[in-house]
Amino acid sequence: MNFGEMVSYVSKRLIDPNNTAVDASDVKQALNESLSYWKFRRFWFNEVSDSATLTAQNASFPYPTDFLVPALDDDGFNVEYGGIRHPLVKITEAAYDAVYLANGYGLPRSYARMGDDEYQCYPIPNTNYTVNRHYLKNYTDLSADADSNSFTTNASRLINLWALGNLVTEIRQDVDMGNYYREAAQDEYRNLRVMTDKANGTGKLTIYSQLNNRGLR
């Protein structure tokens, strides 16, 4: 769905297809707020893996324009050296400050969020390194009717239902219906997580026999 189709979808379920009771601008705002709420969750479609270069004697990470947060705490970033990928362990800003030396150069082993959304690694790179980044994408607000993104393509029902829950509760003052839409959104979230878990899950299925108590893999 594109943005215009989502506005129509929500307005119709508000029993207000012409936006006489709930202004179209309120519907658009609710949809963008819904997107902002759900974009911090990890789905199969909003995660990016790419590579960049850590610069010698510079602790800061290079960022793509659509960077939101690391997808994982540990191994959100990893550094390649000697044919091996070294996962960086996420530490607190206080722990980073406690070990920091201005000339503490070497192979980075950890990273921390420092200040206004800036991530820095330590030790400070002693040479240029390839850094692999696993992160969640950021999304700008939708505005034009034709606007779309990976959420509107893969999770439009989730975004629509959550927006409906907020609109019905806050503008229509119908708490029961608001709760219905939020519960429906949570159910849709669980459904989307099935695909995400299948895409990211690991492990083996084990069947236990009551006859011999041995696992078959």
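Residues numbered from 1 in each chain as written. Predicted model: local features only at pLDDT ≥ 70, side-chain atom pairs only at ≥ 80, totals over all residues. Heavy atoms only, no water.

Participant: Which parts of the structure should I look at to understand the packing of aromatic side chains?
Facilitator: Remark: the centre distance and the inter-plane angle together describe each pair of aromatic rings, the angle taken between the planes. Tallied over the entire structure, the rule returns 25 aromatic pairs. Seen from their ring centres, phenylalanine 43 and tyrosine 189 are 5.8 Å apart, and the 85° between their planes marks the pair as edge-to-face. Of this pair, phenylalanine 43 sits in the loop between α2 (24-38) and β1 (47-54) while tyrosine 189 is found in helix α6 (residues 175-200), placing the two residues 146 residues apart along the sequence. Note on tyrosine 189: relative accessible area 18%, which makes it buried. Note on tyrosine 111 and tyrosine 119: the rings are 5.9 Å apart at their centroids and 55° apart in plane angle, and the pair reads as tilted. When its relative accessible area of 4% is taken as the criterion, tyrosine 119 is described as buried. (Phe/Tyr/Trp six-rings, centres within 6.5 Å; stacked < 30°, edge-to-face > 60°. Helix = DSSP H or I, 4+ residues; strand = E, 2+ residues; numbered from the N terminus. Buried < 20%, exposed > 50% of the residue type's maximum accessible area, 1.4 Å probe, protein only.)

Participant: Hey, could you run me through the sheet that holds strand β8 (residues 118-122) in this one?
Facilitator: Paired through their backbone hydrogen bonds, the strands of a sheet run either parallel or antiparallel. Pairing is mixed across the open sheet formed by three strands, whose spatial order is β5-β7-β8. In the strand order of this sheet, the two ends are held by β5 (89-90) and β8, each with one partner. Inspection of the sheet shows strand β7 (residues 110-114) paired to β8 by five bridges, in the antiparallel sense. When the sheet's bridge partners are listed, serine 110 is paired in β8 with tyrosine 122. (Pairing = 2+ DSSP bridges.)

Participant: I keep staring at the nonpolar core and nothing clicks. Help me out?
Facilitator: Within soluble globular proteins, side chains that are nonpolar generally end up buried alongside one another. Counting 31 residues, the largest nonpolar core has Val10, Leu14, Val27, Leu31, Phe151 and Leu158 as its most contacted members. If you list the elements that add at least two residues to this core, you get α1 (3-13), α2, α5 (156-170) and α6. By residue number, the principal contributor to this core is α5, which donates eight residues. Aside from chain neighbours lying at most four places away, what touches valine 27 is Val7, Val10, Ser11, Leu14, Asn19, Val22 and Leu167. In terms of nonpolar packing, the next biggest core, distinct from the first, is built from 15 residues, Leu54, Phe67, Phe77 and Tyr111 among them. (Core = buried A, V, L, I, M, F, W, Y, C linked by side-chain atoms within 4.5 Å. Contact = heavy atoms within 4.5 Å.)

Participant: Please clarify how the pattern of salt bridges should be interpreted in this entry.
Facilitator: It is possible for side chains of opposite charge to pair when their charged atoms get near one another. Taken as a whole, this structure holds six salt bridges when the rule is applied. In this structure, glutamate 188 engages arginine 157 in a salt bridge whose closest nitrogen and oxygen atoms are separated by 3.9 Å. Taken together, the residues span a long stretch of sequence, with glutamate 188 in helix α6 and arginine 157 in helix α5 at a distance of 31 residues. Given a relative accessible area of 15%, glutamate 188 falls into the buried group. Classification of arginine 157 by relative accessible area gives partly exposed; the value is 39%. (Salt bridge = Lys/Arg side-chain N within 4 Å of Asp/Glu carboxyl O.)

Participant: Hey, could you run me through the packing of α2 against α5 in this one?
Facilitator: Describing two packed helices takes the angle between their axes plus the distance from one axis to the other. The geometry of α2 relative to α5 is characterised by a closest axis approach of 8 Å and an angle of 120° between their N-to-C directions. As judged from the angle between their axes, α2 and α5 are oblique. Considering how the two elements wind past one another, α2 and α5 form a crossing that is right-handed. Residues Asp26, Val27, Ala30, Leu31, Ser34, Leu35, Tyr37 and Trp38 of α2 form the contact with α5, whose participating residues are Leu158, Ile159, Asn160, Trp162, Ala163 and Leu167. Residue composition of the contact of α2 with α5, grouped by class: 11 nonpolar, two polar and one charged. (Axes fitted to C-alpha atoms, helices over the stretch in contact; angles between N-to-C directions. Parallel < 35°, antiparallel > 145°, perpendicular 65-115°, else oblique. Left-handed = near helix turned anticlockwise from the far one by under 90°. Nonpolar A, V, L, I, M, F, W, Y, C, P; charged D, E, K, R; others polar.)

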